[in-house]
Protein chains: 2
Amino acid sequence: MRTDLTQPAEDRLRGKNQRFTGKRAALVEALAAAGRPLTIPQILELKPALAQSSVYRNLQILERAGVVQRIVTTDEHARFELADELTGNHHHHVVCTVCGNVEDVPAMDGVEASLHAAIDQIDRATGFTTEQHRVDLLGRCRNCAKS
Amino acid sequence: MRTDLTQPAEDRLRGKNQRFTGKRAALVEALAAAGRPLTIPQILELKPALAQSSVYRNLQILERAGVVQRIVTTDEHARFELADELTGNHHHHVVCTVCGNVEDVPAMDGVEASLHAAIDQIDRATGFTTEQHRVDLLGRCRNCAKS
DNA sequence: ATTCGTGCAAATAGTTTGCAGCAGA
DNA sequence: TCTGCTGCAAACTATTTGCACGAAT
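Source: prediction; values computed, not measured.

### Notes on the pattern of salt bridges
Residue and element names in this part refer to chain A.
So, step 1. One pass over the full model with this rule turns up 14 salt bridges over all chains.
So, step 2. For the salt bridge of Glu85 with Arg12, the shortest nitrogen-to-oxygen distance reads 3.5 Å. Here Glu85 is found in helix H5 (residues 84-87), whereas its partner Arg12 is found in helix H1 (residues 6-15), with 73 residues between them in sequence.
So, step 3. With relative accessibility at 24%, the residue Arg12 sits in the partly exposed group.
So, step 4. Between Glu29 and Lys47 there is a salt bridge, with the nearest N and O atoms lying 3.1 Å from each other. Of this pair, Glu29 sits in helix H2 (residues 22-34) while Lys47 sits in the loop between helix H3 (40-46) and helix H4 (52-64), placing them 18 residues apart in sequence.
So, step 5. For Glu29, a relative accessible area of 49% corresponds to the partly exposed category.

Dropping the structure here:
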């Protein structure tokens, strides 16, 4: 489970004529260690050596290189995680509407299968070309359980 | 199909001790007519009589009253649509990653069924309480088809 | 009369960007 | 050496808010 993502990340950056610097490696490392989407404040807390503006800039570059994925939930900050395509780990999200935290949940076969069937049908009917999907569960996490 | 949503919207506002003013009715009307999530600039274009700050404020109030739902996709503006619960029309979204447009697609039975099964399992395993889910298809709309 | 809604303009907050210096190839 | 990365501070932009006035109950 502990595959090293450094090399594929570096390859993708080089493919876009970008350097794989220490700061960028630190971002990949932080996201890999977290195992869930992080906001920029969370990243800065984990890696205080990083400058905020560079984090924004590097995450944008990493996103364009296909290394990370930006996700938006409902609260103020965007969140970032390693791209499914990089980790080979397709998953969905569980979003707490109270504290804002986001956790990964593995994609479940039944859902994926019926979703792909539905996508085929929708694409055929509408002329849309689906490239990606996202499934989010919204509710309350254990800590924020209904009062 | 053309049920009047004015009355239920008004009831919900009154339930929260809010008034159902002309401006608020105009918002509900615009969203009902659109049949898809709109950004605030889009709303202002449709209803030029509305002041931007009041639109922001009223959509917030309508959201808290359960009349509208705010959705965030990837691009800069949030989008608003009538709440599923109000229209009785559970649906998902198709999001064009090029032009940003969002369209509704009816929820499909197969997907809903397998999703509910998965949600039960996840909630039981994690202690999370799912209250709502969203499914988005990301890709290119007919107009923005791959170059 | 009193409470609440509205519009304007100013404030806020997340994110982006210009620029000068530093580092990797 | 040359191109691109970094940090700082300033700019930008979606959204929120204070305030004075007008409308609904």
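### Comments concerning unusual backbone geometry
So, step 1. At A:Asn17, a residue that is not glycine, the phi angle is positive and equals roughly 60°.
So, step 2. Here A:Asn17 lies in the loop between H1 and H2.

### Some points on the protein's contact with DNA strand C
So, step 1. Near DNA strand C, the surroundings consist of 21 residues, among which A:Tyr56, B:Gln18, B:Lys23, B:Arg24 and B:Arg57 are the closest.
So, step 2. Considering DNA strand C, the proportion of its atoms within 4 Å of the protein that are sugar or phosphate atoms stands at 66%.
So, step 3. Separating a phosphate oxygen of DNA strand C from a side-chain N or O atom of B:Gln18 is a distance of 2.9 Å.
So, step 4. Side-chain polar atom of B:Arg19 to a base oxygen of DNA strand C: 3.0 Å apart, as the coordinates give it.
So, step 5. When residues of the surface near DNA strand C are traced back to their parent elements, those giving at least two are H4 of chain A together with helix H2 (22-34) and helix H4 (52-64) of chain B.
So, step 6. Ranked by residue count, the leading element in the surface near DNA strand C is H4(A), at 5 residues.

### Looking at the protein's contact with DNA strand D
So, step 1. The immediate surroundings of DNA strand D are formed by 21 residues, with A:Thr21, A:Lys23, A:Ser54, A:Arg57 and B:Tyr56 found nearest.
So, step 2. Taken together, the sugar and phosphate atoms account for 70% of what DNA strand D places within 4 Å of the protein.
So, step 3. Between DNA strand D and A:Arg57, the relevant distance is 2.8 Å, taken from a base oxygen to a side-chain nitrogen or oxygen of the residue.
So, step 4. B:Ala78 is positioned such that a nitrogen or oxygen atom in its backbone is 3.1 Å from a phosphate oxygen of DNA strand D.
So, step 5. Elements with a contribution of two residues or more to the surface near DNA strand D: H2 and H4 of chain A together with H4 of chain B.
So, step 6. Per element, the largest residue contribution to the surface near DNA strand D is 5 residues, and it comes from H4(B).

Procedures and definitions
- Residues numbered from 1 in each chain as written.
- Chains lettered and ligands numbered in written order.
- Predicted model: local features only at pLDDT ≥ 70, side-chain atom pairs only at ≥ 80, totals over all residues.
- Heavy atoms only, no water.
- Salt bridge = Lys/Arg side-chain N within 4 Å of Asp/Glu carboxyl O.
- Helix = DSSP H or I, 4+ residues; strand = E, 2+ residues; numbered from the N terminus.
- Buried < 20%, exposed > 50% of the residue type's maximum accessible area, 1.4 Å probe, protein only.
- Near = heavy atom within 4 Å.
- Polar contact = N/O pair within 3.5 Å; in protein donor to acceptor, adjacent residues only side chain to side chain.

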